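Descriptive structure summary
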Amino acid sequence: MHIVFGGAFNGKRKYVKEQLKHESSLWVESELPGMGESAVIAGLEQWIRKQLEQQRSEQDILALIRELAESSGERIWILTDISRGIVPVDPLEREWRDVTGRSYQYLFGKAQHITRIWYGIPQTIKGDGQDEYLHENRR
Amino acid sequence: MASGQLVFISGGVRSGKSAYAETLVRQAKGARNVYIASGIARDTEMAERIARHRKDRAQDGWWTIEQPQQLSEALPLIRQNDAVLWDCITTWLANELYEGFEQGSLCTDTPGCMELKWQELQNTIDSILAKTVYFAIVSNEVLDEPLVDQAYQEWLGKIHQWLASRADQAIEMENGLAIRRK
């Protein structure tokens, strides 16, 4: 399980496409693949938003994500950071940020490898041996 | 081609990015230190702040060019071997994208308008680099939050990605700490 994380319009999809090269992979946008299916999952935050708009509870949303993440298959999750900025006035917008944030926390805990993309520049923040212990890099 | 170093510095509000960029430019030992400011005074507090910054920099030996839009107009004012700081992309982009507000026809709503400005900006950055010893460009982090203005944020991301790939150094500022990413 691999996560590619970063702000919007930072080049995350481009990075994943370059990594995959000619490897063909199922690519879903704002959708979840079937349980046990290998895929690149992009726009998870949009999928979460759709669920909230359809009155699905946070508990159910997290359960679906957990069930998928724990099923067999190799998946790359492209996660867009929406956690910063001013607290939105609209309650749905607030709930969206909250549920997205809690989903990401679960996925970050579960992933073996996490790459953060900053304007096209990748940085491993989890899963590259000692490099994830950033304080040790100073030694 | 380009003789000067291109440095891209981005960070949040009050992250110390401008102060850090100023230090870098001063260390470059250019013929002059030139500051291109893109802010527009929209109220008296802003006007006072801009005037104060301008005065502080003048005492510090900086040449200030006020260039809220069309960076190419600053080009003739930049001399051979200057060290240049441009602050910042986010205000420039807002000024360009929402140009024509008074006339009721925004650049952002006009097909091809921003594409043209972007092409011109790339050329201008290359021309500034060809003249100068050091060119630091400062910008802001506003893409880690729910989209407020898709066109604005998409352009900003595109420009930042181009700068990060074009730059000799790319730095993310985090509360006064400079994280060198390239």
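Everything that follows concerns the structure shown earlier in this document.
Quick caveat, the model's predicted, so the values are computed rather than measured.

Here we take up the overall build of chain B. Secondary structure summary: chain B contains 5 helices and 7 strands in total. In chain B, the order of α-helices and β-strands from amino to carboxyl end is β-α-β-α-β-β-α-α-β-α-β-β. Taking 182 residues into account, the globule formula puts the C-alpha radius of gyration at 16 Å, and chain B, at 16 Å, falls close to it. Along the first, second and third principal axes, the C-alpha atoms of chain B reach 45 × 35 × 35 Å. For chain B, the residues scored as buried account for 35% of the 182 residues in total. Counting contacts in chain B only where the partners sit at least 6 residues apart, residues at least 24 apart contribute 74% of the total.

For the rest of this paragraph, the subject is the interface of chain A and chain B. At the junction of the two partners, chain A supplies 18 residues and chain B supplies 17 residues. Looking at the side of chain A that touches chain B, the elements that each hand over two or more residues are helix 4 (91–110) and strand 6 (121–126) of chain A. The class makeup of the residues in the side of chain A that touches chain B is 7 nonpolar, 7 polar and 4 charged.

What follows concerns the packing of helix 3 (residues 58–70) of chain A against helix 4 of chain A. All names here are of chain A. Viewed as axis vectors pointing N to C, helix 3 and helix 4 meet at an angle of 25°, and their least axial separation amounts to 10 Å. Between helix 3 and helix 4, the interaxial angle falls into the category roughly parallel. The crossing of helix 3 and helix 4 is right-handed. Side by side, helix 3 and helix 4 meet where Glu-58, Ile-61, Leu-62, Ile-65, Arg-66 and Ala-69 of the first sit next to Val-99, Arg-102, Ser-103, Tyr-106, Leu-107 and Lys-110 of the second. In terms of residue class, the contact of helix 3 with helix 4 is built from 7 nonpolar, 1 polar and 4 charged.

With that settled, the discussion passes to the packing of helix 2 (residues 44–53) of chain A against helix 4 of chain A. Residue and element names in this part refer to chain A. Close contact between helix 2 and helix 4 brings their axes to 10 Å; oriented N to C, the two are set at 130°. Between helix 2 and helix 4, the angle is such that the two are oblique. Of the two possible hands of crossing, helix 2 and helix 4 adopt the one that is right-handed. On helix 4, the residues that touch Glu-45, Ile-48, Arg-49 and Leu-52 of helix 2 are Leu-92, Glu-95, Trp-96, Val-99, Thr-100 and Ser-103. The residue inventory of the contact of helix 2 with helix 4, partitioned by class, reads 5 nonpolar, 2 polar and 3 charged.

If you check helix 2 (residues 44–59) of chain B, its first and last C-alpha atoms are 23 Å apart, about what 16 residues at 1.5 Å a residue would give, namely 22 Å. Among the 16 residues of helix 2 of chain B, 0 are classified as buried, and the element is accordingly described as predominantly exposed.

Residue and element names in this part refer to chain B. Read from one edge to the other, the open sheet built from 7 strands follows the order 3-2-4-5-1-6-7, with strand pairing classed as mixed. Both outer strands of the open sheet, strand 3 (62–66) and strand 7 (177–180), are each paired with one neighbouring strand and no more. When strand polarity is set aside, the average angle formed by the axes of neighbouring strands in this sheet is 20°. Pairing analysis gives 7 bridges linking strand 1 (residues 5–11) to strand 5 (residues 134–140), with the strands arranged parallel. Residue pairing in the sheet places Ser-10 in a bridge with Ser-139 of strand 5. Across the sheet, helix 2 touches strand 2 (33–37) and strand 3, and the angle it forms with strand 3 is around 150°.

Every regular strand shows the same layout, with side chains that alternate between the two sheet faces. All names here are of chain B. Examined bridge by bridge, strand 6 (residues 169–174) and strand 7 share 4 bridges and lie antiparallel to one another. Following the sheet pairing, Met-173 is matched in strand 7 by Ala-178. Hairpin connection between strand 6 and strand 7: a loop of 2 residues separates the two successive antiparallel strands, and Asn-175 in this loop has a positive phi of roughly 45°.

Judged by nonpolar contacts, the single largest core of 67 residues is most densely connected at Ile78(A), Phe8(B), Val84(B) and Ala136(B). Setting aside residues no more than four positions away along its own chain, Phe8(B) makes contact with Ile137(B), Leu163(B), Ala164(B), Ala167(B) and Ala170(B).

Residues and elements named next belong to chain A. The 6 strands lie next to each other as 2-3-4-1-5-6, forming an open sheet whose pairing is mixed. Each edge of the open sheet is held by one strand with a lone partner, namely strand 2 (27–29) and strand 6. Ignoring which end each strand starts from, the neighbouring axes of this sheet average 20° apart. Across 4 bridges, the pairing between strand 3 (residues 39–42) and strand 4 (residues 75–80) is parallel. The residue bridging Val-40 from the neighbouring strand is Ile-76, located in strand 4. Docked against the sheet, helix 4 engages strand 1 (2–6), strand 4 and strand 5 (113–118), running at close to 140° with respect to strand 4.

Conventions we followed
Residues numbered from 1 in each chain as written. Chains lettered and ligands numbered in written order. Predicted model: local features only at pLDDT ≥ 70, side-chain atom pairs only at ≥ 80, totals over all residues. Helix = DSSP H or I, 4+ residues; strand = E, 2+ residues; numbered from the N terminus. Rg over C-alpha atoms; globule rule 2.2 N^0.38 Å. Buried ≥ 20, exposed ≤ 12 C-beta atoms within 10 Å, placed from the backbone. Contact = placed C-beta atoms within 7 Å. Nonpolar A, V, L, I, M, F, W, Y, C, P; charged D, E, K, R; others polar. Axes fitted to C-alpha atoms, helices over the stretch in contact; angles between N-to-C directions. Parallel < 35°, antiparallel > 145°, perpendicular 65-115°, else oblique. Left-handed = near helix turned anticlockwise from the far one by under 90°. Expected span 1.5 Å × (residues − 1). Pairing = 2+ DSSP bridges. Core = buried A, V, L, I, M, F, W, Y, C linked by C-beta atoms within 7 Å.

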